[in-house]
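Secondary and tertiary structure notes
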Amino acid sequence: MVMKPKILVARAVFPEVLLKLSDNFEVTANQEDEAWTPAQLIERLQGMQGVFTTGSERIDAALISACPDLKMCANMAVGFNNFDLDAMTAAGVLATNAPDVLTETTADFGFTLLMATARRVTESEHFLRAGSWTRWRYDMFAGAEVHGSTLGILGMGRIGQGIAKRGAFGFGMNVIYHNRSRLDAATESGCRARWVTKEVLLSAADHLVLVLPYTAASHHAIGAAELAQMKPTATLINIARGGIVDDAALAKALREGRLAAAGLDVFEGEPRVHPDLLTVPNVVLTPHIASATLSTRRAMANLAADNLIGFFVHRQPLTPLNPEVLKA
Ligand code: DGY
C-alpha cells in the first residue's frame, strides 16, 4: 500500500477543502483554530512533509532545521512575509502563495475603506449610535471629496492596478502611483495611471493607498517624515501589511490634525492594535478583512490545497515562489 504524504493544516479551513486534502494526504488539522506558539507549530510539524499556512504562521530557518521532513509550505495568502524565502530555498523547501484569485475582491475593499475614511462613515455611525444626533448641521461630518480628486497608489501590482481602474474609470480620479519598477506604457494607460516619484506621490495625493509587499526595505515606509510630506487634508489607506506604516507616528499625526483621516485593515503586531489608534476618532479600523468574501476565501483555500496536491501528487505546483527548488 502506498503511504500518503503527511500534511498539517495549521488553521481552520473550509470543510470541503479539508475533504479534498484528505483524499490525497494523511491530514492533521487544527479545525478548532487553536493559537499555537512557534514551538507548538514545530512540535505538530514533526514527521510532516507539507503544511497549509494562512499567513500567520512563521516559517523560518529555525523551524525548518527543527522539522527535517518538511518539503513544502502552501500559504493561503498572496502576501508571504511570514516565509523566510531565502531560508526555505536554501533548505530545498518549496513555498507557494495564493495570488490572482483575490485581486478584485481586495481592490474592492481598498476602495471601500477609502470611501468610508474620506466620508467619515464609522465616525458618524458611532455618533448616531451614541444618541448624539439631535439635529442637522451644515458641516456635520463633512468629509473629503473622492470623485475628481488625486488618488495616489504606493505599490502597483495587480491589486494596485485594480484600485487605479476603480478610481480612474469609476470616480474620474487623477491616478498617480509609485513603484520600484515602472509599468509598461500599455498597462499604465489600461489603468489610466501616471508614475511619479515617492516625494511627488506623498505631496500630491488626496488619498494615498498602500498596496506594496512588506519586506525589510518597506518597513515603516510611511513614518513621521513621510506623513509630514502629505497634505493635512489627505487620507491614508493601508490594506498591505502592518509594519509598512509606523502606527504610533500615524496616530500622532491624526491627533494633531496633520492628516485628515486614515483607514487601516492591517497593523504591526496584529491582532494587537496600537492603543493610540484606538483613541483617535478619525481612523477607520478593520481586522484584516480585505480579501474576506466567502467565494474569494474559498478560492484562496482551494488554491493552497491545489498547490499541495500539485506538488506532492503531480510534481507541478501552480504558483511556486521559489521554483528553483523544483529543479534542484
Ligand atoms: C493576503 O492574501 O496576503 C491577505 O492579506 C490575507 O488575507
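So, how was this worked out
Residues numbered from 1 in each chain as written. Predicted model: local features only at pLDDT ≥ 70, side-chain atom pairs only at ≥ 80, totals over all residues. Heavy atoms only, no water. Core = buried A, V, L, I, M, F, W, Y, C linked by side-chain atoms within 4.5 Å. Buried < 20%, exposed > 50% of the residue type's maximum accessible area, 1.4 Å probe, protein only. Helix = DSSP H or I, 4+ residues; strand = E, 2+ residues; numbered from the N terminus. Contact = heavy atoms within 4.5 Å. Near = heavy atom within 4 Å. Polar contact = N/O pair within 3.5 Å; in protein donor to acceptor, adjacent residues only side chain to side chain. Areas by Shrake-Rupley, 256 points an atom, 1.4 Å probe, with all protein chains shown as cover. Pairing = 2+ DSSP bridges. Right-handed = clockwise from strand over helix to strand, strands pointing away.

Membership of the largest hydrophobic core comes to 30 residues, with the highest contact counts inside it found for Leu208, Leu210, Ile222, Leu227, Leu236 and Leu250. Of all the elements in the fold, those that place two or more residues in this core are α9 (198–204), β9 (207–210), α11 (247–255) and β11 (261–264). It is α11 that provides the largest number of residues to this core, a total of five residues. Sequence-distant contacts of Leu227, defined by excluding residues within four places in its chain, comprise Ile222, Leu236, Ala249, Leu250, Ala253 and Leu259. Core analysis: the second largest hydrophobic core is formed by 26 residues, Leu151, Ile163, Met173 and Val211 among them.

Following Glu270, the chain continues into Pro271 via a peptide bond in cis, with omega recorded as 15°. Its place among the elements puts Pro271 in the loop between β11 and α12 (275–278). The phi dihedral of Asp100 is positive, around 70°, even though this residue is not glycine. Its place among the elements puts Asp100 in the loop between β5 (94–96) and α5 (103–118).

Neighbouring residues of the ligand: Ala77, Val78, Gly79, Leu102, Arg241, His288, Ser291, Arg297 and Met300. In this structure, Val78 approaches the ligand through a main-chain N or O atom, which is 2.7 Å from an oxygen atom. Between the ligand and His288, the relevant distance is 2.7 Å, taken from an oxygen atom to a side-chain nitrogen or oxygen of the residue. Computed on the free molecule, the ligand has an accessible area of 230 Å², of which 87% lies beneath the protein chains in the complex.

Burial of the side chains of strand β4 (residues 72–75) extends over both faces: Met72 and Ala74 are buried on one face and Cys73 and Asn75 on the other. Across four bridges, the pairing between strand β3 (residues 50–53) and β4 is parallel. Within β4, the residue paired with Phe52 across the bridge is Ala74. Taken together, β3, helix α3 (residues 61–66) and β4 constitute a β-α-β crossover, and its handedness is right-handed.

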